[in-house]
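Chain by chain, the residues:
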Amino acid sequence: MSSANALLERLDCFVVVEPNFVWTELHFLFSFQNAGDKENMLNILNVLDELLSAGTDRRIHHMISKGGSEALLTALVNSARSFTPNYTILLPLLHLLAKVGYRDRQIGLKAQKADAVLVVLGLLRQNTENSRRAAACLWVLRVFCSSVTTANLLGKNRGLDVVFKLISPHSTKHLRTVKAAVDAFAAMLRSKVNCRTAVAKGYIADLLKLYEDWHNNDVNLKNIPIRRALLHCLQCAANSAVGRDALVTEGGISLLFQTTQTCLTMKGLESLVEPAIQLMRKCNPKVPLPLTSDKSVFSFPLPGQPVDDWDADLGLYDDSLEDDSDEDAENEEPDNRDYEDDLETDVNKLRPQPEPDRTLEQLGQYVRLCPELHHDFQDLDSSSEVDESSDDDSTLEGDLNDETQSDQRGSDLPSDRDEHHLHTSDFHKHYLNCSRRGQKGHSSMVDRLLEKYGICIPNHDPRLYAATAANTKSIAGYSILAFPDFWGHLPPQEQEPMAKRPQHVQRKKVFEDIQRLICPEDIINKVIFDMDDHSPQCTPDMCPSSLHFFSKFESGNLRKAIQIRSHEYDLILNADVNSSAFCQWFYFEVSGMVAGVPYRFNIINCEKGNSQYNYGMQPVLYSVRDALEGRPHWVRTGSEISLHIYSHILHSAFSFYTLTFTVMFHHDDDVCYLAYHYPYTYTTLQTHLKMLEKSVDPQKVFFRQQNLCDTLAGNSCSLVTITACPTSRAWKHLHQLRNRPCVVLTARVHPGESNASWVLKGTLEFLCSSDPVAESLREAYIFKIIPMLNPDGVINGNNRCSLTAEDLNRQWLMPDPNLSPTIYHTKGFLYYLNSIGRTPLVFCDYHGHSRKKNVFLYGCSMKETLWQSGSPINTASLKEDPGYRTLAKTLDRIAPAFSFNNCNYLVEKSRASTARVVVWREIGVLRSYTMESTYNGCNQGIYKGLQTGTRELEEMGMKFSQSLLTLRRNAIHYNSRLIHHASALLDLDDRLLDHKSNNFFEDDEPPCMEEIEYSSCSDPFGANELDTEVNGNTSSEEEDEEDADICRDGKQRNNRKSHLVPHYLKQDALETLTIKSGQCNGSNGYLY
């Protein structure tokens, strides 16, 4: 028996005995070169194809790993170089090589090494009139072009010309060959060199004409795969700038727009619409933001630096712009990076090191921040007991009643006007100007508002807010108050469900955006509001048909508003102070609307590629008219919400994303406010703290608000102490107070994370309440709370940074006392507590998370980090208290919005300078956390499918406080009221939770239903589709039928069954496969 037949017997036995084999020898492949019998050669090819076609791709990949691709290439070159090439063998060999090569990432380079590239191109030149042979060569060339160098080699040898002749002109003959030629041409265009050549030769215009011809002539929709392949070809061309320019110059966008409009009206053309729209968006010319400068409107001189010195440091923001995972931390969360490499594996860096970074003498300045340890409690309610660092409320109280006899003009007072007629100018000039607080007219107008409409917001007083705002220092010197902050907010009675994303909403918005380019006459392009322009802008008298915008108030952020169409506006956000980056937070006023009209807002300079806006989150809206009618609510609003990339760029490199949403207002000529999330200003905090201090019983609650330090702009960074007063001045009661463990809570280091402030508001109000659990907590702990670590950022509408344009949560390792005073002194205060033996039992930094749902904790664990990183260190010898998980287990039981599965305790190298890691490692706090709260809502529990409101956020702050009780169960004083209110807490045990653990490193969202970004030229046609086309290339008699079959209904059969060789030869090979397994003895039935 010949060697080929012997090989067949071995393979046949193998198939019968063990289909899931592992080849370790490839002698049968190299026998191609030596097999002189044509029939045996074909049988070898057929049996090999049968084996590779069965099951999954695992066999093919194993064959590739053992040199199978090289063997096929060598056989092909040897057969093709013979004096008279035998196509009976070459054709199935090309078919098999196309199938295997598609799955071999290195096939292009291997083909070059084997000198097979130009050989196949030569075969194509010789067989352009033979459709079957040409198609086989085209498939092989297509897979060779997976390597750009191979595509360049083909281009240098005029491969583009050879292939394009098989595409053009439009013809309905030999459809399979046309499709294969288009696919091969697309593959060659992945090379930018080839793309430039194609543009120079006019092929881009020809491709557009071809697409138009196929579109117009495909009346019966039988040629959808070819039309789709032409779109893919154009997409590959659009990967280079010259290709995009050629598409635009040749009218490609207009053509695609018109043809896509037709496709949208016809069923069965879905596969053409998406790539056409993505291609239009890709080719839409990039334009810079319509700004005089991309730097923030506001700059602030930094200590020790020239005024304009920050300009030279803008390059440091490039990484933040490119790495979306670092902008919202995602505060403590590593996204889109090699996680295991980022995990800390140095045990010395994982072990706590409580040595302070400053001397004990320097720590002495923080003694004043522990007044409860030095207070004698002789007269708790004495009005003379004022801490030297406390704010002087008497000044503010005097401001509330002060009626200065300054010159007043009667015309300034709209006394005869019905206040239901709301005009923006009236609010700004009369009601909400804190600089007029001492004027008689202003005071009387505020009184009239409150008297007429009444307001009862817990722990809020509009008069006190206005007086407090006068002491808030902003860079722009804001004097106007935003009405929602002044008037107050109550959560709506009903929870709001997540918005349902309409089908193809992103497609619709992008399609509308393309119309701007092709129909410029429809674009108004009128600037309505501009923070850069101090001249009078579009007033109601000047622009009666336009909306009117305003953001010159505390925490406001809107830089520019441009009217695009009658009811559509482009909005540009202001970058963080002293920077040109970090655009996400927005908060602005809009007025002059018509009720029931859909207004589209496009925020065109967002930096995040994805957020919860793509998963049901909505912006929030506050209506002044509703507030005055007794509904002072921030409510979720907006429909057709989409976040997608658009044509605006920064420095010709970074493309911004556009957040687009549509709002229908309920009242004509209302004054409304729109925001990224529920605003919570610095003045709101200061007002709230004053109201809380007045509300508590000083005989029972020790409440002190002190100034930790001043910020760069001169605002106070407050530190609040809350604990229970001793029942008497007896030594044991004072001793018990002064030995209570400390809990340190911080929030709002990132200004845009206003949800963190609402959570902390819930914590503060609960700790000051008369709830039995709150009373026990005050008796068990001393709470040290810094509610706002970044006051300047919050006041000036920043999203991420302080006035230094730095993320304060990356300054904890070596904070600068001059540039990062709040972090420097917070860390110093923690060091002081550690130095006097009062290391906090718990430290928690409240944050907001824009990409995940639910509320969850990030903590620190040395063992878990080493386990996850795959470190060779034996963790069994390491000792670690597992108590860091206690609070998460407690919260999972008692807090509806909390998710234990989202918690994580890994220490990343990239987060080494955050509060969580530094406090754990340097201060030695075992339970050092970041608590992340969603901007959106929950995907679990009783809040599943609902957006989180301020009520739920405050509830989370209360629940976090309650969870602390479990850490002191053995030290608290039990009574019937406490047991009744805290039974769920007191019954907790330390059993493991029955949860399915999620991979923390994976986003908890599936991919967006629509592509966010057209970023690459990926092949839309997979291996199975190629296999089907190859298998259909059987015989000339069947070609016409197969051509019709490949295009029928725009679909192809997913069939990997072998059709490499003619039926009469294949039958002989298949008969060989009937050999009984008994003829294979023992191990001889396997190939080793």
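Residues numbered from 1 in each chain as written. Predicted model: local features only at pLDDT ≥ 70, side-chain atom pairs only at ≥ 80, totals over all residues. Heavy atoms only, no water.

- The name that an unreviewed UniProt entry assigns to the protein is tubulin-glutamate carboxypeptidase, with the source organism given as Cyprinus carpio carpio.
- Word for word, the UniProt comment on the protein under Cofactor (unreviewed entry) is "Zn(2+)".
- As its UniProt record puts it under Subcellular location (unreviewed entry), the protein is described as follows: "Cytoplasm, Cytosol". (UniProt positions renumbered as here; feature names shortened; annotations may be inferred.)

**Some details on the pairing of strand β15 (residues 716–724)**
Step number 1: In terms of burial, β15 is largely enclosed, as nine of its nine residues are buried.
Step number 2: Going residue by residue along β15, you find Ser716, Ser718, Val720, Ile722 and Ala724 tucked away on one face and Cys717, Leu719, Thr721 and Thr723 tucked away on the opposite face as well.
Step number 3: As judged from the nine bridges shared by strand β14 (residues 701–710) and β15, these two strands associate in the antiparallel manner. Paired with Gln705 across the two strands is Val720, which belongs to β15.
Step number 4: Between β14 and β15, which follow one another and run antiparallel, lie five residues, and Gly714 among them has a positive phi close to 95°. (Buried < 20%, exposed > 50% of the residue type's maximum accessible area, 1.4 Å probe, protein only. Helix = DSSP H or I, 4+ residues; strand = E, 2+ residues; numbered from the N terminus. Pairing = 2+ DSSP bridges.)

**Quick look at the environment of Val919**
Step number 1: Within the element layout of this structure, Val919 appears in helix α38 (residues 915–923).
Step number 2: Looking at Val919, the relative accessible area reads 1%, which means it is buried.
Step number 3: C-alpha separation for the pair Val919 and Leu813, spaced 106 residues apart in sequence, amounts to 9.6 Å.
Step number 4: Not counting the four nearest positions on each side in its chain, Val919 is found in contact with Trp812, Leu830, Phe843, Gly924, Val925 and Ser928. (Contact = heavy atoms within 4.5 Å.)

**A short note on helix α17 (residues 252–264)**
Owing to its 3.6 residues per turn, the α-helix brings residues three or four apart onto one side.
Step number 1: Taking 1.5 Å of rise per residue, 13 residues should cover 18 Å, and α17 covers 18 Å from first to last C-alpha, within 8% of that figure.
Step number 2: Within the sequence span of α17, burial applies to Gly252, Ile253, Leu255, Leu256, Phe257, Thr259, Thr260 and Cys263.
Step number 3: Lining the buried residues of α17 we find α14 (203–217), α15 (224–237), α16 (241–249), α18 (270–283) and α28 (505–518). (Expected span 1.5 Å × (residues − 1).)

**Some details on helix α8 (residues 117–126)**
Step number 1: Of all ten residues that make up α8, seven are buried, and the element is covered over most of its length.
Step number 2: Within α8, burial applies to Val117, Val119, Val120, Leu121, Gly122, Leu123 and Leu124.

**Some remarks on the sheet that holds strand β19 (residues 855–858)**
Step number 1: The mixed open sheet is built from seven strands, whose spatial order is β14-β15-β17-β16-β18-β20-β19. Strands with a single pairing partner mark the edges of an open sheet, and in this sheet they are β14 and β19. Mean inter-strand twist for the sheet, computed between neighbouring axes without regard to direction, equals 20°.
Step number 2: As paired elements, strand β18 (residues 842–849) and strand β20 (residues 927–934) share eight bridges and run parallel to each other. (Axes fitted to C-alpha atoms, helices over the stretch in contact; angles between N-to-C directions.)

**Re the nonpolar core**
Step number 1: Counting 131 residues, the largest nonpolar core has Phe549 and Phe601 as its most contacted members.
Step number 2: Of the residues forming this core, the biggest block, seven residues, is contributed by helix α32 (residues 754–767).
Step number 3: Excluding residues that lie within four positions of it along the chain, Phe549 makes contacts with Ile528, Phe529, Leu558, Ala561, Tyr569, Leu571, Phe588, Glu589, Val590 and Phe601.
Step number 4: Among the nonpolar cores identified, the runner-up in size contains 103 residues, and Ala75, Leu76, Ile204 and Phe257 belong to it. (Core = buried A, V, L, I, M, F, W, Y, C linked by side-chain atoms within 4.5 Å.)

**Observations concerning the UniProt feature "active site" (unreviewed entry) in the protein**
Step number 1: UniProt tags Glu932 as "active site" (unreviewed entry).
Step number 2: If you trace the backbone, Glu932 turns up in strand β20.
Step number 3: Residue Glu932 is classed as buried on the basis of its relative accessible area of 0%.

**A look at the packing of aromatic side chains**
Step number 1: Going through the model one piece at a time under the given rule, you end up with 34 aromatic pairs.
Step number 2: Site record: aromatic cluster; members linked through ring pairs are Phe549, Tyr569, Phe586, Phe588, Tyr599, Phe601, Tyr613, Phe661, Phe665, Tyr676 and Tyr935.
Step number 3: Arg704 extends its terminal NZ or CZ atom over the ring of Phe702, reaching a point 4.6 Å from the ring centre. (Phe/Tyr/Trp six-rings, centres within 6.5 Å; stacked < 30°, edge-to-face > 60°. Lys NZ or Arg CZ within 6 Å of the ring centre and 35° of its normal.)

**Regarding the pattern of salt bridges**
When charged atoms on two side chains of opposite charge get close, those side chains can pair.
Step number 1: Tallied over the full model, the rule gives 32 salt bridges.
Step number 2: Note that Arg600 is salt-bridged to Asp513, the shortest N-O span being 3.0 Å. Within this pair, whereas Arg600 is found in strand β8 (residues 598–606), its partner Asp513 is found in helix α28, the two being separated by 87 residues in sequence. No difference in accessibility class separates Arg600 from Asp513, as the two residues are buried.
Step number 3: Residue Glu908 is joined to Arg916 by a salt bridge in which the shortest nitrogen-to-oxygen separation is 3.0 Å. Residues Glu908 and Arg916 agree in their burial class; the two are buried. (Salt bridge = Lys/Arg side-chain N within 4 Å of Asp/Glu carboxyl O.)

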